[in-house]
Amino acid sequence: MLTKEDVLKIAKLSKLEFQEDEIEKFQTDLNKILEHMEILNNVDTTGVEPLFNVLDLKDRLRKDEVQSVDIKKELLKNAPNKDDDFIIVPKIVGGGNTDN
């Protein structure tokens, strides 16, 4: 059974903040969930095959075919800074310590 401190720890780990009255509600709800999980853990599943999908369907994949697509001119139309064949982006010098 989860205590109020457990709920506060879970909230902190989840980066959540609760009002005082919400903590009791979540404590009750989480304990109900854990009780239900305990019931499920005690169900005998011997001989039951794992179910990965409720529908017996297989993924339909398209053929992996090479296509020639020339959209460079269209892409360059949208670039704010470009030359004949390339988009020009700001130079970024990285690495090292940024605390200086």
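Please read all numbers here as calculations on a predicted model, not as lab measurements.

Chemist: Talk me through the overall build of the chain; I want residue IDs and the actual numbers.
Modeler: Along the chain, the regular secondary structure elements total three helices and zero strands. Traced from its N-terminal end to its C-terminal end, the chain shows the element sequence α-α-α. In summary, the chain has a C-alpha radius of gyration of 28 Å against a globular reference of 13 Å for 100 residues, an excess of more than 25%. Considered along the principal axes of its C-alpha atoms, the chain spans approximately 65 × 55 × 30 Å.

Chemist: Just give me the short version of the environment of Glu 35, but keep the residues and values in it.
Modeler: Tracing the backbone shows Glu 35 in helix 2 (residues 20-41). Residue classification places Glu 35 among the exposed residues on the basis of a relative accessible area of 52%. In the structure, Glu 35 is positioned 50 residues away from Asp 85 in sequence and 63 Å away in space, judged by C-alpha atoms.

Chemist: Explain unusual backbone geometry to me, and be specific about the residues and the numbers.
Modeler: The residue Lys 15 is not glycine, and still its phi comes out positive at about 60°. Structurally, Lys 15 is set in the loop between helix 1 (4-13) and helix 2. What makes Lys 15 exposed here is its relative accessible area of 75%.

Cut-offs used in this document
Residues numbered from 1 in each chain as written. Predicted model: local features only at pLDDT ≥ 70, side-chain atom pairs only at ≥ 80, totals over all residues. Heavy atoms only, no water. Helix = DSSP H or I, 4+ residues; strand = E, 2+ residues; numbered from the N terminus. Rg over C-alpha atoms; globule rule 2.2 N^0.38 Å. Buried < 20%, exposed > 50% of the residue type's maximum accessible area, 1.4 Å probe, protein only.

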